[in-house]
Structure formats: structure tokens, C-alpha cells
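Summary of structural features
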Amino acid sequence: MTREARVRISPLGGVGEVGKNSTLVELAEEMLIVDAGVKFPETELHGVDLVVCDYSYIADRLDSLVGIVFTHGHEDHIGGLPYLIMQLDPHDPIPIYGTPLTLGLISVKLKEHGLLGRVIQYAIRDGQRSRLGPFEIEPIAVNHSIPDAVGLVIRTPAGVLFHTGDFKFDPTPVEGRTTDNERLRQLGDEGVLALLSDCVRVEQPGWTASELGVREALEQLIGLAPGRVLVTTFASNIGRLREVVRSAHKLGRKTSIVGRSMEENLRVARDLGFMNVPEGSLVDLRDLNDLPPEKVVLLSTGSQGEPTSVLSRIARGDHPLVKIQPNDTVIFSASPVPGNEESVARSIDNLFRRGARVIYQMIDPRVHVSGHASREELKHLLDLVRPKYLVPLHGEHRMLWLFRELAAECGIPRENVFLTEIGDVVAFGEAGAQREEPISSGSVLVDGLTIGEVTNVVLRDRRRLAADGVVFVSVTLDRETGELLSGPDFVSRGFLQLSSEETDGLFEEARERVCEALEGDERRQPDVNYLVGKVRDTLNSFVYERTRRRPMILPRITEV
Ligand SMILES: [Zn+2]
Ligand SMILES: [Zn+2]
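Bear in mind the structure is a predicted one, so any value in this text is a computation, not a measurement. (Residues numbered from 1 in each chain as written. Chains lettered and ligands numbered in written order. Predicted model: local features only at pLDDT ≥ 70, side-chain atom pairs only at ≥ 80, totals over all residues. Heavy atoms only, no water.)

1. What about the coordination of the zinc ion (ligand 2)?
Around the zinc ion (ligand 2), the donor atoms from the protein are Asp76 (OD), His77 (NE2), Asp166 (OD) and His394 (NE2), and they sit 2.1 to 2.2 Å away. The site at the zinc ion (ligand 2) holds four donor atoms, and with the angles between them running 87 to 162 degrees, its shape is irregular. Summarised as a motif, the one-chain spacing of the donors to the zinc ion (ligand 2) is D-H-x88-D-x227-H. A distance of 3.4 Å spans the gap from the zinc ion (ligand 2) to the zinc ion (ligand 1), which aspartate 166 bridges by coordinating each metal. (Donors = N, O, S within 2.8 Å, 3.2 Å for Na, K, Ca; no water. Tetrahedral: all angles 85-135°; square planar, octahedral: opposite > 155°, others 65-115°.)

See the structure below:
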């Protein structure tokens, strides 16, 4: 008798958070990964550019990896691939699977990192099945805020899984591709053991509004604008980019893209036929100067207020080519990702300050719709697929929790819904489902070009520097006798107002404390490490006592 086949599901990211979606599917000794995304850090992670999943579990069993399948080309699903590869030892090329647009966007990323040779790409299409080791995958068309998005049927000897990817049921999409209701219903008839589903908008009642409304709003707003129009959205929101270019063209305006990532995505989408815009509707930024303002639309990134983005630079007045002019209209065709509200608000303020009229979702809700399913759509999904078990993915913990309640309303017993944390393992088979030992998992911080070198110690230092500043203290001692030859001298940054009377007094007293601390050690050979520690401790407690602040204290002791 053969042992009963069991398929194990483990979220490596994307649960208890919004971002870095990545799910591990294991069967016996073989594994498959669905998506490998990035997350953009909250402001508490000073100087950290990106957060990606910890793939050490994969690195330890690389020979068992049959492939990585991608559902769509958004950053929170593909952006982590270069860092996944960097976490692995040199290896044979890894098979990756995705629809043509998804692979096109992935290639741009891998090329930037010089990693194109580390993968072999296989294009997948709706309805075509591919075999990856013990898994058979079949993509099903879903509608989302990027073209060419799919959900994945994963057939295994233990049963059928369906991973939704990101989706909504927009009945009137502008690009004509709806979520394949019929195929989902057939899948439900076939019998789905476990549904792994996006639930990030479960808090939202009803149905998500149609993209058609955004088209109408954009046309109306661009039509009414007295001068130039600048539209900002996600660089990967290909459908929205196309709508802006088309609306502008219809109204007799030319569009220009400002910003490399958006240009790059547009080029890929165009080459692959996902960006059918009228001839001559797009022009180079430099050629715009010859056109009157009312004939111009600019498209740029920066809808999240990212400080280095094109729009933030324009808002601060330090973009070399684009300056805000009177009569400019700026449209935020995006909503802030949770955590970015503050920086988006700063950008909007700065744009108003420079004289632009700014239209954003709070004052005109029509300028953006979400790409994700609201409550009624999630119910509709459950009605179609009728899974035995449910694993909510792609959401903060409260969203996973709310999806379980919603599923219970739809007749799925609560004990058949598994709420997970990163690294949890749920095993499914004919005999039932149960939790197993969690696997090694977590987050890896990417800082500029280094990966995983930003530790908690580094972060703590950055937090402290940002909050309380730094004090340098330098002392020169006689190498033989330990006698104080010069100093202590103080230099501080970000601590107290420089050269105020208060600061002078404080440092004068600090000088005495340091001298006292060093005195006890005179007339014997000084141990520099010991003295550095002693000076630091003395100043730490003195400064805290006087100011209730804890600047970073950096003593420098020189022996001559
Ligand atoms: Zn997405
Ligand atoms: Zn997503």
C-alpha cells in the first residue's frame, strides 16, 4: 500500500502583511513556489529599500524545486525574484513560468540585476496545462489591475488546489478580459480540495467598482483641465497607463512618460501587444516644450509619495525637466497602500503649494478603483469554486480572520479555514487537513545593493540616530602614562541646537565628567577598548540625566 499523498501549503510571505506574496507548495520531496514578491518597508525601517522573503528553506533543498510560477506582473508578486536567486548558491537555471506580459516584466528586473541567465522562462496561457514534477498547473484568466493576470489550478496526486492570484470580477473591464466565471464553475464541479485566495479587500462591502468608471472620470477631468495634466499611478498599472494615453489622444493631447521604470514597463507592454495606443499619441518629454500646455499630458510614478520618485521631485521643485506651472492639474489615479498615507499627503501638499490643482481619490472617488475583489465578489468566488478547505492569503491578519467569517456565512465550516502566519504549514490529503511544524522563514532586508546585511542592530542604530542624533567625543592620551594630552572635544549632529548657551554649558560639564572618569586610570598603560567603554557609559548616563535623550555616543581615543 502506498502512503497517502499529502500536499503541504506554506505562505513564505503575504499573510499578516500586505506585500511580498510568495507561497510554497510541497508534495513529498518536491516543491513549487507561487510568486516571489517584495514589500516596501514602513518608515520605521530607516534606509531599508525593500523587504523580501527569507528563502533559506528553499536554499537548503534547491534540488527539489521544480519551478516558480507567477500569477501576474505586480511588484508584490515578482519583485522578490532577483533576491530569491541571490539567496541561493550558484545553481542550474531555475524554471520560471508566467504569462507573456508577466515574463516580460520579470525579464526587465532580472536584466537590471544581471541575473537573466539564472532562470529558464516558460510562457503559460489560460487553459494550457503544464507539468512540473508531480504538479500539473493550469492558468485561469482573472481580471486585475494589470493585463495577463491568472489564477492557478494546481493538480496534485493529493487533490486539486486553486490559487486565485490577485483578482476581481469586473464585468465591464476596459481591456475586455473578465475573470473566467465559467471555467471556475467547471473547476468547482471537478472538486477543489483547497482554495488559496486573495482577501485584501474583504473589509469592503459590495462589489469593486468597474475600471470603466475610471476611464469616464479621466476623460472628463482631462477635458476640463485648463493647462497641462499630470497623471500619477503605479508603473505596473499597464491598463491605467493605456487609458490615460487613449483619453489624452481623444482630447487632442500628446502624452509623455516621465520616469525610467514606467517607460521600461510601457516598452515591454507595447512590444507584447498590451499597449495598443494610437500612432503618435506618445511623444518624448523633450518634444513637449513645443506644445501649448493644453495639449499636454504627463504620466509619472510617485503615486505613493516615494521620496525619490519623479512626482515627489516635481512636487519639491527639483526635477530637472518638469516644473509645476500655474493651471497645471495633477491627478492621483491610485490610492495609498496602507502605511504610505503620510508621504502621499506630503506630496499633495507640496503640489498645491507650487500652484497645481490636485485631484485625488478622497475628493473624487472615481479617479481610481481597486484591482481586488470586495466582499460580494469573494462570496461569488466561493459559490463558484466550492472548496473543501480555504487558506486566505494576501492580507493583514484581520483580513484573513474576516474572510473566515465570510466563508462560514457561505457554508464552509470554520475548522476548514486555516489562518496562517509566515512559515506555517498546512497539509491536505484525502484523509483531512492538519497543521504541521512551521518551516524556517522570515524577512530579509535589502538596503541599496546589499541584501540581508541590515540586521536588527543596524536598524536600532538608525532609529536612535534619527530620534536623538549623535555625539562624537575625542580624547588624546599619552601612550606610556595614560595622561590626558588634549580634549575631550565634542562634536554633535542632530542632538541639540549647536553652539547655544545651553549646549556649551552641557558640554563643559560633560568634559569634566570625562576627565574624572579618565583620571582614575592615569599613570599606567591605558587599555583603549576599556577607556572607550568607560567614556561612553559616563556620557550616556550624564546626557540622559540632563536631557532625557539618548544620542549615539561615539568616543575616539587617540594615543600618541
Ligand atoms: Zn496585483
Ligand atoms: Zn498583490
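2. Quick notes on the sheet that holds strand β23 (residues 470-477)
In spatial order, the strands read β24-β23-β25; together these three strands make up an open sheet with mixed pairing. Each having just a single partner strand, β24 (484-493) and β25 (552-559) make up the two edges of the open sheet. Averaged over all pairs of adjacent strands, the angle between strand axes in this sheet comes to 15 degrees, irrespective of strand direction. Strand direction decides the pairing type here: β23 and β25, joined by eight bridges, are parallel. In the sheet register, phenylalanine 472 faces β25, and the bridge partner there is leucine 554. With respect to the sheet, helix α14 (residues 501-519) is in contact with β23 and β24, its orientation differing from that of β24 by roughly 140 degrees. Strand contacts of helix α15 (residues 528-547): β23, β24 and β25, with the helix running at about 145 degrees to β25, the strand carrying the most contacts. (Pairing = 2+ DSSP bridges. Helix = DSSP H or I, 4+ residues; strand = E, 2+ residues; numbered from the N terminus. Axes fitted to C-alpha atoms, helices over the stretch in contact; angles between N-to-C directions. Contact = heavy atoms within 4.5 Å.)

3. Focus: the nonpolar core
Ranked by size, the top nonpolar core spans 117 residues in total, and within it Ile58 and Phe428 carry the most contacts. If you tally residues by element for this core, the top one is helix α4 (residues 100-112), at six residues. Both of domain 1 (7-206 + 370-437) and domain 2 (211-367) provide at least three residues apiece to this core. (Core = buried A, V, L, I, M, F, W, Y, C linked by side-chain atoms within 4.5 Å. Buried < 20%, exposed > 50% of the residue type's maximum accessible area, 1.4 Å probe, protein only. Domains from an automatic or database assignment.)

4. Let's talk about the coordination of the zinc ion (ligand 1)
All of the protein donors around the zinc ion (ligand 1) are His72 (NE2), His74 (ND1), His144 (NE2) and Asp166 (OD); their distances to the metal are 2.1 to 2.4 Å. For the zinc ion (ligand 1), the four donor atoms are set out with angles of 90 to 168 degrees between them, so the coordination reads as irregular. For the zinc ion (ligand 1), all donor residues lie on one chain, and their spacing in sequence is H-x1-H-x69-H-x21-D. Assessed through its relative accessible area of 10%, histidine 74 is described here as buried.

5. Points about the pattern of salt bridges
Applying the stated criterion to the full structure yields 34 salt bridges. Across the pair glutamate 136 and arginine 129 runs a salt bridge, and its minimum N-O distance is 3.4 Å. Between arginine 183 and glutamate 138 there is a salt bridge, with its nearest N and O atoms 2.9 Å apart. With arginine 183 in helix α5 (residues 181-190) and glutamate 138 in strand β9 (residues 135-141), this residue pair connects regions lying 45 residues apart in the sequence. (Salt bridge = Lys/Arg side-chain N within 4 Å of Asp/Glu carboxyl O.)

6. Re the sheet that holds strand β17 (residues 357-359)
Taken in spatial order, the five strands of this open sheet run β14-β15-β13-β16-β17, and their pairing is parallel. Here the strands that pair on one side only, and so sit at the sheet edges, are β14 (254-258) and β17. Going from strand to strand, the sheet's axes swing by 20 degrees on average, the running direction of each strand aside. Two elements, β14 and strand β15 (residues 296-300), share five bridges in a ladder whose sense is parallel. Pairing of threonine 255 across the sheet is with valine 297, part of β15. Sheet strands in contact with helix α10 (residues 341-353) are β16 (329-332) and β17, and its direction is about 170 degrees off that of β16.

7. Focus: a nonpolar patch on the surface
On the surface, Phe472, Val491 and Leu554 cluster together to form a nonpolar patch covering roughly 230 Å² of accessible area. Residue classification places valine 491 among the partly exposed residues on the basis of a relative accessible area of 43%. (Patch = residues over 30% accessible without salt bridge, like charges linked within 9 Å, V, L, I, M, F, W, Y side chains within 5 Å. Areas by Shrake-Rupley, 256 points an atom, 1.4 Å probe, with all protein chains shown as cover.)

8. As for the pairing of strand β18 (residues 389-393)
Of all the five residues making up β18, five are buried; the element is thus mostly covered by neighbouring parts of the structure. Side chains Tyr389, Val391 and Leu393 of β18 all project onto a buried face; the interleaved residues Leu390 and Pro392 project onto the opposite face, where all are buried too. Relative to β18, strand β12 (residues 194-198) is paired through five bridges, and the arrangement is parallel. What sits directly across from serine 197, in β18, is proline 392.

9. Quick look at the state of the cysteines
Applying the stated criterion to the full structure yields zero disulfides. Free cysteine: cysteine 410, not disulfide-bonded; nearest cysteine sulfur from cysteine 199 at 13 Å. (Disulfide = S-S within 2.5 Å.)

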